[in-house]
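Observations on the model geometry
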Amino acid sequence: MSEIGSVLKGDPRLENLRWSRRLSLTSRILFVNILPLVLLGGGVIYVDAYRKQLLDERFKLALVEAQITAEALAGATRQRQDALLIQIGKEQRLRLRVYNPKGELESDSFALAPPSFDLPEPSEVDQTDFALRMDRWFDRVVGAPALPDYREPESDDVADWPELTRAREESLTQIVLRDAPDGTHVINAAAPVGLDGETLLLTRNPVDITESVREARSTVAVVVLLALLVSTLLSFFLAQTIVRPLRELVQAAVRVRQGRDREVVVPRLPQRRDEIGMLARALSDMTGALRQRIDAVESFAADVAHEIKNPLASLRSATESLAKVQDPALKEQLLDIATHDVQRIDRLVTEISDASRIDAELSRAEFEPVDLEMLLSNIVSAREEREENEGRKLVVEINGGPMSVLGVPIRLERVIDNLLDNAVSFSPTGGEIRANLTRKDGWITLAISDEGPGIPVEKREKVFQRFHSDRPDGEDFGKHSGLGLAIARTIAEAHDGTLVATSRADGKEGACLVFGIPAKR
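Described below are features of the structure shown in this document. (Residues numbered from 1 in each chain as written. Predicted model: local features only at pLDDT ≥ 70, side-chain atom pairs only at ≥ 80, totals over all residues. Heavy atoms only, no water.)

This part covers the overall build of the protein chain. On a plain count of helices and strands, the protein chain comes out with 14 helices and 12 strands. Sorting the 521 residues of the protein chain into buried and exposed places 39% on the buried side. Partitioning the intrachain contacts of the protein chain with sequence separation of at least 6 by distance along the chain shows that 67% fall at a separation of at least 24. Here the protein chain displays about 30,100 Å² of accessible surface, and carbon together with sulfur accounts for 55% of that area. (Helix = DSSP H or I, 4+ residues; strand = E, 2+ residues; numbered from the N terminus. Buried < 20%, exposed > 50% of the residue type's maximum accessible area, 1.4 Å probe, protein only. Contact = heavy atoms within 4.5 Å. Areas by Shrake-Rupley, 256 points an atom, 1.4 Å probe, with all protein chains shown as cover.)

Let's shift gears to the nonpolar core. Leu-372, Leu-412, Leu-419, Ile-444, Leu-446, Ile-448 and Phe-515 are the most contacted members of the largest nonpolar core, which has 44 residues in total. Put simply, the parts of the chain that give this core at least two residues each are helix 11 (328-364), helix 12 (372-386), helix 13 (409-426), strand 9 (432-440), strand 10 (443-449), helix 14 (484-494), strand 11 (498-503) and strand 12 (511-518). Looking at this core, the element that brings in the most residues is helix 13, giving 7 residues. Discounting residues that sit within four places of it in the chain, Leu-372 has contacts with Met-403, Val-405, Leu-412, Leu-437, Ile-444 and Ile-517. (Core = buried A, V, L, I, M, F, W, Y, C linked by side-chain atoms within 4.5 Å.)

Turning our attention to the pairing of strand 10. In terms of burial, strand 10 is a largely internal element, 5 of the 7 residues being buried. Here strand 9 runs beside strand 10; their pairing, made up of 7 bridges, is antiparallel. Looking at the pairing, Arg-434 lines up with Ser-449 of strand 10. Note: strand 10 against strand 12, 7 bridges, orientation antiparallel. Across the sheet, the residue bridging to Ile-448 is Leu-513, located in strand 12. (Pairing = 2+ DSSP bridges.)

So, about the packing of aromatic side chains. Applying the stated rule across the entire model yields 2 aromatic pairs. Geometrically, the ring pair formed by Phe-110 and Phe-117 is edge-to-face, given 5.1 Å between the ring centres and 65° between the ring planes. Sitting over the face of the ring of Phe-464, Arg-489 holds its NZ or CZ atom 4.0 Å from the ring centroid. (Phe/Tyr/Trp six-rings, centres within 6.5 Å; stacked < 30°, edge-to-face > 60°. Lys NZ or Arg CZ within 6 Å of the ring centre and 35° of its normal.)

Considering the arrangement of structural elements, one finds Leu-246 in helix 9 (residues 207-258). Through-space distance from the C-alpha of Leu-246 to that of Ile-276 is 7.7 Å; in sequence the pair is 30 residues apart.

Inspection of the secondary structure puts Asn-205 in the loop between strand 5 (198-204) and helix 9. A residue is classified by how much of its surface remains accessible, and Asn-205, at 10% relative accessible area, is buried.

Going through the model one piece at a time under the given rule, you end up with 20 salt bridges. When the shortest N-O distance is used, the salt bridge between Arg-97 and Asp-156 registers 3.0 Å. Note that Arg-97 is positioned in strand 1 (residues 94-99) and Asp-156 in the loop between helix 7 (130-142) and helix 8 (162-170), a separation of 59 residues in sequence. Across the pair, exposure class does not vary: Arg-97 and Asp-156 are buried alike. Arg-392 is the salt-bridge partner of Glu-390, the closest N and O atoms lying 3.6 Å from each other. Overlapping salt bridges, with partners in common, bring together Arg-95, Arg-97, Asp-108, Glu-152 and Asp-156 in one network. (Salt bridge = Lys/Arg side-chain N within 4 Å of Asp/Glu carboxyl O.)

Note on placement: Glu-65 falls in helix 4 (residues 47-73). Every residue in contact with Glu-65, bar those within four places of it in the chain, is listed here: Gln-92, Leu-94, Leu-202 and Arg-204.

Pasting the structure below:
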């Protein structure tokens, strides 16, 4: 994008384009593809809810176990209590401690039998362990409250355990959650034993909860990271397949706009069969059409200057000579020349004005049904009344029907008039002009033939060029502008039709101009 940036720098008309680059397609594709994965990754954090649910269940279990064990110990002999502590502690993986009414430790299941679980000392735990660090990071992210650390007291008595103190004072079971040095949880439940003032302390280390939560987090994290990696790579690949050709198109479009290179090649991307390929080919075609239009405008302007310059030079010469000439006959001749040149310039200006605005008018015009047979009949009648055929016989033939088309009536009339004017110009006096109107295969064609010298094959396209000046012998100079057939073809093509020059179908000498237009369905 650096090349485009340097080209666009300082151009206020492209400020919106510079702004859009801040939110490039690459960024948007990445955002759209990665956002769901980020949200899924957030699910790793909410595994904390799963942990809380498990802990709540263990809280309830510890509460019930403490109460049941306390009831079983109440009134039992010391020997029986020790046996119960060993049995329950082993089966339920608990540490059970009984404190006498004075608050002193009286029995400990871990002292009576091998411990059912082992909690490491803080000095034995590697604080850089990845799992431990991840636990702490997740706790901070979800805002989990800090738990007190679990520490075994040196002199074990009631005063070392606040939950025991509350259980003795309130005669209700108390439960507390603490953090072990290795990141696991420790649940302590304290319950009064009978009415003698003894107290039970139940300790559980639910390692399986921590392991399940860590495993769930790890599984989700690995899946999310892999999906994130694949999605990022695919996003970059997709972005490049979209952004790179768009950059090429932007660069070409900017060069076309700035006009730095007249022959800018807009990439057509023929290998792309998607919307970007369609866009590239449409831009390429549009640029080609625009270049042709600009060339045509420039050529037209040069032709206009050339065509007007000749009568202007003649007019200037005539007007400058008038002041010097004394002979009345010569003065009258100079005035005729000046009048003729003024008429020629007027005709040129009118034709040029028509030729220059005809495209714009037709692009905005609304087509309507037009009966070409009736239109041709009216034109022929009007021409005969005005004696515009200049002694030529006009024969009309109709083959098939109906002759209805969609178009602009006044412009279709202009096509027919121009073709008839051309035939009159090239036909000899007393000659015959034939207008054959035919409908076939969904097309309506009007073929106008004259008895003139005909048009050589190599010149049949040139006659449609603007200001083409190959006129018949004996015709007054400047009588025609050379725009008639060019205007007629422009109108024909604007109606999705054609206009071509050919020889007569009957083999006789003369030219034939064929106007074709789709029939109205």
